[in-house]
Amino acid sequence: MTLDQSEIRIGLLGAIAVAALATLPLFSQGYYLSLGVNLMLYAALCTAWTLFSGPTHYISLATAAFFGLGTYTVGLWVDHVPFFALVLGGGVVAAVLAGLVGLATLRLSGVYFVIFTLGLAELVRQLVSWTQTKVSTRMGLYVFTDFTEMHIYWMLLALTVAVFVAGWLIGRSRLGFAMKIIGNDETVARHVGIDTARAKIILFMISGAFIGIAGAISAPRYAYIEPPSAFNPMISFLVVIMALLGGTKRLWGPLVGVIPFTILFDQVSAQFPNHTPIVMGLAFLAIVYLLPDGVTGRLEQLRARMKRSEKPVGEEKVA
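Residues numbered from 1 in each chain as written. Predicted model: local features only at pLDDT ≥ 70, side-chain atom pairs only at ≥ 80, totals over all residues. Heavy atoms only, no water.

**Q** Got a minute to help me understand the overall build of the protein chain in this structure?
**A** Across its full length, the protein chain holds 15 helices and 2 strands. Over its C-alpha atoms, taken along the principal directions, the protein chain stretches across nearly 85 × 50 × 45 Å. Pairs at least 24 apart in sequence give 80% of the contacts found in the protein chain among residues at least 6 apart. Total accessible area computed for the protein chain in this model is approximately 16,900 Å², and 68% of it derives from carbon and sulfur atoms. Here the protein chain contributes 21 positively and 16 negatively charged side chains, and the mean placements of these two sets differ by 6 Å. (Helix = DSSP H or I, 4+ residues; strand = E, 2+ residues; numbered from the N terminus. Contact = heavy atoms within 4.5 Å. Areas by Shrake-Rupley, 256 points an atom, 1.4 Å probe, with all protein chains shown as cover. Lys, Arg positive; Asp, Glu negative; His and termini not counted. Charge placed at Lys NZ, Arg CZ, Asp CG, Glu CD.)

In structure tokens form, the structure reads like this:
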């Protein structure tokens, strides 16, 4: 596998950026570290979400289901199994659920898929709540570990890097090539012999696994896990809003939405805790109507328009 000059340059810049970000806990152990953990969490979640929803254009609201399964995997077994084994286990459990959901739903499209994935998170939450009340007669789980926010930040940073590397590898693989064709026209993809259902299920499972791992890493931060917080539908909506704000045509696009929206949402949640749903609703409407392709998509459109406007000038100079 050979790398061109642009990939090497981007890789070096990325490595420098990761090294700089890794130093944050050395300078702050208070508010800015907590904000950094939130930024890293949503960077990982939005990028993992874009792995699937970016090329397929399917809007998945199953993020809360995968995330909650990851947190509960840690909560159930943290006293008996090594933490890092549970992190991988959370990814496996989420991937299995994604595979089952994919088999049942990825032949659906549009609003039907959106509604099903939204209902999935609520279904899983109700099942976990019912099981806990029947088996253990309690609703939550304690998660006591030696990990601090500093460790969680570093683990989420490493996960975000892993998602980017996986996305880069997928983009250079036959699966990535197939997904590009499926995203452009799924009917054409089927006619040229691509097993569209299989490709979408595999990518959905990879995306779900990374989201489940993010949930498992975040479990020690909550200390006490309950179904309403672990399977909070707010997580699914925030991921969609941030990813669409940044743009999903590039794997790094959601980062453009994660940074400003996480900071804004953190401020609104602190000062106006009862108005966060209003902010989310207004943000979603603004993105849909004003930035349907996200910030990165709008920048690419402006750049293409500038190139077209400059072309006649160049031709006149030649003449």
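**Q** Would you explain helix α13 (residues 253–271) in this entry?
**A** Because the α-helix completes a turn every 3.6 residues, residues three or four places apart line up on one side. The first and last C-alpha atoms of α13 sit 29 Å apart over 19 residues, in line with the 27 Å expected at 1.5 Å per residue. Buried residues of α13: G253, P254, G257, V258, F261, T262, F265 and V268, and no others. (Expected span 1.5 Å × (residues − 1). Buried < 20%, exposed > 50% of the residue type's maximum accessible area, 1.4 Å probe, protein only.)

**Q** Explanation requested: a nonpolar patch on the surface in the structure shown.
**A** Among the surface-exposed residues, L3, I8, L12, V161, V165, W168 and L169 lie close enough to one another that they form a single nonpolar patch of about 570 Å² accessible area. Contributions of two or more residues to the nonpolar patch are made by α1 (5–22) and α7 (149–171). Here the nonpolar patch takes 4 residues from α7, the largest share from any one element. Within the fold, L12 resides in helix α1. (Patch = residues over 30% accessible without salt bridge, like charges linked within 9 Å, V, L, I, M, F, W, Y side chains within 5 Å. Salt bridge = Lys/Arg side-chain N within 4 Å of Asp/Glu carboxyl O.)

**Q** In this structure, what is going on with the side chain of S60? I would like to understand it.
**A** As for its position among the elements, S60 is in the loop between α3 (31–56) and α4 (63–77). A polar contact of 3.3 Å, which involves the side chain of S60, links it to the backbone nitrogen of A62. Beyond its immediate stretch of four places on either side in the chain, S60 contacts W49, S53, F113, T117, F204 and V240. (Polar contact = N/O pair within 3.5 Å; in protein donor to acceptor, adjacent residues only side chain to side chain.)

**Q** Just to check I follow, could you spell out the environment of L12 for this structure?
**A** Note on L12: relative accessible area 55%, which makes it exposed. Measuring from C-alpha to C-alpha, the distance between L12 and L299 comes to 24 Å, with 287 residues separating the pair along the chain.

**Q** Looking at this structure, I do not really get the environment of G11. What am I missing?
**A** Among the secondary structure elements, G11 is positioned in helix α1. The exposure class assigned to G11 is partly exposed, which follows from its relative accessible area of 41%. When the C-alpha positions of G11 and V165 are compared, they lie 9.9 Å apart, and in sequence the two are 154 residues distant.

**Q** Which parts of the structure should I look at to understand unusual backbone geometry?
**A** What you tend to see is this: most non-glycine residues have negative phi, and most peptide bonds are trans. The backbone of H57 shows a phi angle near 65 degrees, a positive value even though the residue is not glycine. For H57, the position within the fold is in the loop between α3 and α4. For H57, a relative accessible area of 54% puts it in the exposed group. A positive phi angle, close to 65 degrees, is found at A223, a residue other than glycine. Examined against the element boundaries, A223 turns out to sit in the loop between α10 (196–222) and β2 (224–225).

**Q** Just to check I follow, could you spell out the side chain of T196 for this structure?
**A** Here T196 shows up in helix α10. With near-sequence residues (within four places) excluded, T196 lies in contact with I182, E186, A189 and R190.

**Q** In this structure, what is going on with the packing of α4 against helix α6 (residues 111–135)? I would like to understand it.
**A** Helix-helix packing is described using two parameters, namely the angle between the two axes and the distance between the axes. In contact at an axis separation of 8 Å, α4 and α6 are set at 30 degrees when each is read in the N-to-C sense. The angle between α4 and α6 falls in the class roughly parallel. Residues A64, A65, L69 and Y72 of α4 pack against L120, A121, V124, V128 and Q132 of α6. Among the residues forming the contact of α4 with α6, the class breakdown is 8 nonpolar, 1 polar and no charged. (Axes fitted to C-alpha atoms, helices over the stretch in contact; angles between N-to-C directions. Parallel < 35°, antiparallel > 145°, perpendicular 65-115°, else oblique. Nonpolar A, V, L, I, M, F, W, Y, C, P; charged D, E, K, R; others polar.)

**Q** Hey, could you run me through the nonpolar core in this one?
**A** Note that soluble globular proteins tend to have their nonpolar side chains buried in a common cluster. L45 and L159 are the most contacted members of the largest nonpolar core, which has 83 residues in total. Considering every element that reaches this core, the biggest residue donor is α3, with 14 residues. With residues up to four places along the chain from it excluded, the contact list for L159 reads A44, F210, I213, A214 and I217. (Core = buried A, V, L, I, M, F, W, Y, C linked by side-chain atoms within 4.5 Å.)

**Q** Would you take a moment to explain the packing of aromatic side chains for this structure?
**A** What describes a pair of aromatic rings is the distance from one ring centre to the other and the angle between the planes of the rings. Under the definition given, this model contains 14 aromatic pairs. Aromatic ring contacts, followed pair by pair, group F52, Y58, F66, F113 and F204 into a single cluster. (Phe/Tyr/Trp six-rings, centres within 6.5 Å; stacked < 30°, edge-to-face > 60°.)

**Q** Teacher, can you tell me more about the environment of L159 here?
**A** Topologically, L159 is positioned in helix α7. Classification of L159 by relative accessible area gives buried; the value is 6%. Residues L159 and M40, 119 residues apart in the sequence, show an inter-C-alpha distance of 8.8 Å.

**Q** Looking at this structure, how should I read the pattern of salt bridges?
**A** Opposite charge on two side chains lets them pair, provided their charged atoms get close. Scanning the model with the defined rule gives 5 salt bridges in all. In this structure, the salt-bridge partner of K200 is E186, at a minimum N-O distance of 2.8 Å. Remark: E186 occurs in helix α9 (residues 186–191) and K200 occurs in helix α10; sequence separation between them is 14 residues. Look at K200 and you get buried, because its relative accessible area is 1%. Residues joined in a network through salt bridges with shared partners are E186, R190 and K200.

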